[in-house]
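Summary of the model geometry
Below, each chain spelled out in residue letters.
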Amino acid sequence: SRMKPEREAAYHHGLRACLAAGLEVLQRGGTALDAVTASVMALEEDPLFNAGRGAVFTSDATHEMDAAIMDGATRECGAISGICGPRHPVLAARAVMEQTDHVLLSGDGARRFCEASGLEMMEPDWFGTEPRRAALQAELERRRLGQPDDCDPARRHGTVGAVALDCSGHLAAATSTGGMTAKMPGRVGDSPVIGAGTWADDETAAISATGHGEYFIRWAVGHEIDARMRWGGQALARAAGDLVAELGRIGGSGGLIAVDRKGNVCLPFNSPGMYRAWSDPDGRIHTGIYDDR
Ligand code: SD4
């Protein structure tokens, strides 16, 4: 069943604004890395999406956010996992990439790194919203009653990501998430795992995934698509479309956004819907929620 028209309109509006934030960077000649950073920051700030403000709750009613960013030109990347603090987790991931010799920082050390590097930090309450709290209660109640898990994944997920190709031919990807509602404390999803939920290489594609993270890690989705393109000679649409369909058949609901070195955009998903926005080469913005093909 679809959501109320007002709510749908709010999503289209939010998606358009976030796409525009990244597109503006590209149109003035900025880098793909700066474009994906700008789009993901806008999505993190929008409480409709499950990242930054509006992140879902763990089963302990806390937030544990994951984020990653990758530069396709150099394969430099950075990620953080399991933290609640930085207003923009994607900036924390980018700081790991640019200011440390490491790729992934987690937990308390990651938090202290964010403070030391001067990132804006927020109190835990700032991230929580009423709808997320209600979703946590509903999920805990469902588990208590042993009822089947038949919630539309598009509604329970909402991880955010951005991929971009810039005028120098460089690709970049970024992903940010609160994870999955009522996840076990300490659980890490696919988003901060390079080669799973986040990937970019100028020779193949930039990829950012959403969905049931365990499947996306086990099938190494980002790197698998890269391999099918690089060694299998497949086009992005084939490699990504097939893999997302394969995951759907074994219970791994979700989807991804991707762009290749030629600028071909591919947005496959096996769930009833996936919030998405993309632009034509001429800068025209499109948005989508459900599978309306
Ligand atoms: C995760 N892939 O942590 C994320 C969940 C997600 O919208 O997509 N939520 O597994």
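Being a predicted model, the structure only gives us computed values, none of them experimental. (Residues numbered from 1 in each chain as written. Predicted model: local features only at pLDDT ≥ 70, side-chain atom pairs only at ≥ 80, totals over all residues.)

1. What to know about the sheet that holds strand 6 (residues 198–200)
Strand order in the open sheet formed by four strands is 6-7-8-9, and the pairing between neighbours is antiparallel. Taken across any chain shown, the strands that pair with only one partner, and hence form the sheet edges, are strand 6 and strand 9 (265–266). Relative to strand 8 (residues 254–260), strand 7 (residues 205–211) runs antiparallel, the two sharing seven bridges. Paired with Ala 205 across the bridge in strand 8 is Asp 260. Contacts from helix 9 (residues 221–230) reach strand 6, strand 7 and strand 8, with the element oriented near 140° to strand 7. (Pairing = 2+ DSSP bridges. Helix = DSSP H or I, 4+ residues; strand = E, 2+ residues; numbered from the N terminus. Contact = placed C-beta atoms within 7 Å. Axes fitted to C-alpha atoms, helices over the stretch in contact; angles between N-to-C directions.)

2. A closer look at the sheet that holds strand 2 (residues 77–83)
Overall, mixed pairing links the five strands, which are arranged 3-2-1-5-4 in an open sheet. Whereas interior strands pair on both sides, the edge strands pair on one side only; in this sheet they are strand 3 (104–106) and strand 4 (160–165). Mean inter-strand twist for the sheet, computed between neighbouring axes without regard to direction, equals 5°. As paired elements, strand 1 (residues 65–71) and strand 2 share five bridges and run antiparallel to each other. Note on strand 2: the bridge partner recorded for Met 65 is Ile 83.

3. Comments concerning the UniProt feature "binding site: substrate" (unreviewed entry) in the protein
Per the UniProt record, "binding site: substrate" (unreviewed entry) is annotated on Arg 187, Val 188, Gly 189, Asp 190, Thr 210, Gly 211, His 212 and Gly 213. Of note, Val 188 is situated in the loop between strand 5 (171–177) and strand 6. For Val 188, a count of 19 C-beta atoms within 10 Å translates into the label partly exposed. The residues touching Val 188, leaving out its near neighbours within four places in the chain, are Asp 66, Ser 81 and Gly 82. Among the structural elements, Gly 211 can be located in strand 7. The exposure class of Gly 211 is buried, given the 28 C-beta atoms found within 10 Å. (UniProt positions renumbered as here; feature names shortened; annotations may be inferred. Buried ≥ 20, exposed ≤ 12 C-beta atoms within 10 Å, placed from the backbone.)

4. A word on the packing of helix 1 (residues 5–27) against helix 2 (residues 32–45)
The contact between helix 1 and helix 2 brings their axes to 8 Å, and the two run at 160°. As summarised for this structure, helix 1 and helix 2 are arranged roughly antiparallel, according to the angle between their axes. Crossing geometry of helix 1 relative to helix 2 is assigned as right-handed. Between helix 1 and helix 2, the contacting residues are Ala 17, Cys 18, Leu 19, Ala 21, Gly 22, Val 25 and Leu 26 on the first element and Asp 34, Ala 35, Val 36, Ala 38, Ser 39, Ala 42 and Leu 43 on the second. Among the residues making up the contact of helix 1 with helix 2, the classes are represented as 11 nonpolar, two polar and one charged. (Parallel < 35°, antiparallel > 145°, perpendicular 65-115°, else oblique. Left-handed = near helix turned anticlockwise from the far one by under 90°. Nonpolar A, V, L, I, M, F, W, Y, C, P; charged D, E, K, R; others polar.)

5. Structural notes on the packing of helix 9 against helix 10 (residues 236–249)
As a packed pair, helix 9 and helix 10 sit with axes 9 Å apart at the nearest point and diverge in direction by 140°. Of the possible angle classes, the one that applies to helix 9 and helix 10 is oblique. Considering only the axes of helix 9 and helix 10, their crossing is right-handed. From helix 9, Val 221, Glu 224, Ile 225, Arg 228 and Met 229 reach across to helix 10, where they touch Leu 236, Ala 239, Ala 240 and Leu 243. Of the residues belonging to the contact of helix 9 with helix 10, the class tally is seven nonpolar, no polar and two charged.

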